[in-house]
Amino acid sequence: MLDVRRILLFTEVARRGSVTATARALNYTPSAVSQQVSRLEAEAGQPLLERHARGVTLTDAGRALAERGKRIERELTAAENELADFAGLRAGTLRVGTFPTVGASLLPRAVIAFRRTHPDVRLTVRSARIAGLWAMLENREIEMSLMWDYDWNRIDREDIVVTSLVDDPPALLVGADHPLAGRASAALADFAEDAWITRAENHPVAEALARSCRTAGFEPQIAYEAHDYQEAQAMVAAGIGVALAPTLALEGIRGGVSVLPLLPPAPVRRILLVRMSDHALTPAAEAFVGFLRDSAAAAGGGSVPEQP
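Every value quoted in this text rests on a predicted model; they were computed, and no experiment measured them. (Residues numbered from 1 in each chain as written. Predicted model: local features only at pLDDT ≥ 70, side-chain atom pairs only at ≥ 80, totals over all residues. Heavy atoms only, no water.)

Undergrad: Mind showing me how you'd approach the overall build of the chain here?
TA: Helix and strand counts for the chain stand at 10 helices and 12 strands. Over its C-alpha atoms the chain spans a radius of gyration of 25 Å, topping by over 25% the 19 Å that the globule rule assigns to 308 residues. Seen through its principal axes, the chain has C-alpha atoms that stretch 75 × 50 × 30 Å. Counting across all 308 residues of the chain, residues that qualify as buried make up 45%. At a minimum sequence separation of 6, the contacts of the chain that also span at least 24 residues come to 74%. Computed over 33 positive and 38 negative side-chain charges, the separation of the two mean positions in the chain equals 6 Å. (Helix = DSSP H or I, 4+ residues; strand = E, 2+ residues; numbered from the N terminus. Rg over C-alpha atoms; globule rule 2.2 N^0.38 Å. Buried < 20%, exposed > 50% of the residue type's maximum accessible area, 1.4 Å probe, protein only. Contact = heavy atoms within 4.5 Å. Lys, Arg positive; Asp, Glu negative; His and termini not counted. Charge placed at Lys NZ, Arg CZ, Asp CG, Glu CD.)

Okay, structure coming up:
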């Protein structure tokens, strides 16, 4: 049977690309690291590394084993966190994940209410993109996380519990001097000839825009790719184009931008609370869920905020 400690050491060598760098990082001697890798190769019955003057190269078997090693690391981290919970090392602590738009809208209200009601419980909030939130959930670094999905890409896993908090409809952002800026609402088809500001780096809102415009019968002409909603608002105010944004991302509307509720059909995203199904909620977590529900209800189902 393969030795797990040697697999983890080998995974570190694969990650750093050098026996010497691994030895330095782990406070071993290079010869000790080489010996352990050699023993692992003997256990595996085949070479895992190709050694050369500038470092090492993984064989096909080595790459496969390194991937397994990464999974073992994640599982061990999860086990350590679970054992810490059992031992009471996290007593009085609540660990929650979030993402930026909810972290700036729904979450603060819940945090304020929770801390006022339970001042002796230490609340830790971690913000990340969806992939990072999943990793923290699976490693038990957080107990639950706020997430979102759209109807074409629902979160659906057997090992999780999903609680729907609120629907977050989109709104159209147009410059204050746009011909339609004074309308009470608008349809995407009204903007078929406009240039569009979208989100960069394959952001899901970019996909929502593309899908919705195609449903409305046109392909959006992208004039600018923004990295956050404040940047998108700035470009709208500058007259570069119009933009689509979730309502919860519009807590602060800058001057020169008009917000128009979008008529159906519109790409509504669900705001969700997710936890692993094998992780029971603590009393503190259950209380926090209640405050999140209250905050979601206060949001009015995603109504467009009053403009300055």
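Undergrad: I keep staring at the side chain of E12 and nothing clicks. Help me out?
TA: With respect to the secondary-structure elements, E12 resides in helix 1 (residues 4-16). There is a polar contact of 2.6 Å between the side chain of E12 and the side chain of R16. In this view, E12 contacts T22, L26 and E73; residues no more than four positions away in its chain are not counted. (Polar contact = N/O pair within 3.5 Å; in protein donor to acceptor, adjacent residues only side chain to side chain.)

Undergrad: Hey, could you run me through the nonpolar core in this one?
TA: Where a protein is soluble and globular, its nonpolar side chains tend to be buried together. Membership of the largest hydrophobic core comes to 58 residues, with the highest contact counts inside it found for L146, I271 and F288. Residue contributions to this core peak at 7 residues, all from helix 10 (residues 283-298). Residues within four places of I271 in sequence aside, it is in contact with F99, V102, L106, L146, M147, W148, T163, S164, L165, V166, D168 and L248. (Core = buried A, V, L, I, M, F, W, Y, C linked by side-chain atoms within 4.5 Å.)

Undergrad: What's the story with helix 6 (residues 106-117) in this structure? I'm lost.
TA: Working note: α-helix, 3.6 residues per turn, so residues spaced by three or four point in the same direction. Taking 1.5 Å of rise per residue, the 12 residues of helix 6 would be expected to cover 16 Å, and the 18 Å separating its terminal C-alpha atoms lies within 8% of that figure. Those residues of helix 6 lying buried are L106, L107, A110, V111, A113 and F114. (Expected span 1.5 Å × (residues − 1).)

Undergrad: Before we go on, may I ask you to explain the side chain of S295 in this structure?
TA: Locating S295 in the fold gives a position in helix 10. Beyond its immediate sequence surroundings of up to four residues, S295 is in contact with L106, R109 and A110.

On their own, these measurements won't tell you what the molecule is for.
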